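Coordinate analysis (summary)
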Amino acid sequence: MAYIIKFIYGFLLPPGLFVTVLALLSVMLFHKKSKLAILLGAVTCLMYLSFIPLTGILLVHPLENHYQPPEKPKGDVLVMLGGGGDARNA
């Protein structure tokens, strides 16, 4: 049940909300035989593809594997980057 809720939330919260709204507009315009519906549908598909994790993995994976870290790093400072923070731990 949790996976179903996460799937639904994916289309109701940003950025999935934008895809949902554009898809609905595209369907409404398609019923009116508007040529804008095809363009809007294409934009919706491109946005959806840019939001899914598979696309991110396919784009980042070659960059991650292209450069190997040195065996013995040289320098005075070692910088560790983090992906977020928590104000409670500061």
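What you are looking at is a predicted structure, and each value in this text was computed from that prediction instead of being measured. (Residues numbered from 1 in each chain as written. Predicted model: local features only at pLDDT ≥ 70, side-chain atom pairs only at ≥ 80, totals over all residues. Heavy atoms only, no water.)

1. So, the packing of helix α1 (residues 2-12) against helix α2 (residues 16-31)
Where α1 contacts α2, the two axes come as close as 5 Å, and the packing angle between them is 70°. With respect to each other, α1 and α2 are oriented roughly perpendicular. Judged by residue contacts, Gly 10, Phe 11 and Leu 12 of α1 engage Gly 16, Leu 17 and Thr 20 from α2. (Axes fitted to C-alpha atoms, helices over the stretch in contact; angles between N-to-C directions. Helix = DSSP H or I, 4+ residues; strand = E, 2+ residues; numbered from the N terminus. Parallel < 35°, antiparallel > 145°, perpendicular 65-115°, else oblique. Contact = heavy atoms within 4.5 Å.)

2. Re the packing of aromatic side chains
Counted by the stated rule, this structure contains 2 aromatic pairs. Geometrically, the ring pair formed by Phe 7 and Phe 11 is edge-to-face, given 5.2 Å between the ring centres and 70° between the ring planes. On the criterion of helical spacing, the pair formed by Phe 7 and Phe 11 is a turn pair, its members being 4 residues apart in helix α1. The exposure class assigned to Phe 7 is exposed, which follows from its relative accessible area of 57%. Judged by relative accessible area, Phe 11 falls into the partly exposed class, the value being 29%. Seen in terms of ring centroids, Phe 11 and Tyr 48 are 6.5 Å apart; in terms of plane orientation they differ by 10°. Their pairing is stacked. Separated by 37 residues along the polypeptide, Phe 11 in helix α1 and Tyr 48 in helix α3 (residues 36-51) bring together distant segments of the chain. The partly exposed category is assigned to Tyr 48, whose relative accessible area is 38%. Among the aromatic side chains, those forming a connected cluster through ring pairs are Phe 7, Phe 11 and Tyr 48. (Phe/Tyr/Trp six-rings, centres within 6.5 Å; stacked < 30°, edge-to-face > 60°. Buried < 20%, exposed > 50% of the residue type's maximum accessible area, 1.4 Å probe, protein only.)

3. Points about the environment of Ala 42
Checked against the element boundaries, Ala 42 lands in helix α3. On a C-alpha basis, the gap between Ala 42 and Ile 52 in space is 16 Å, while along the polypeptide they are 10 residues apart.

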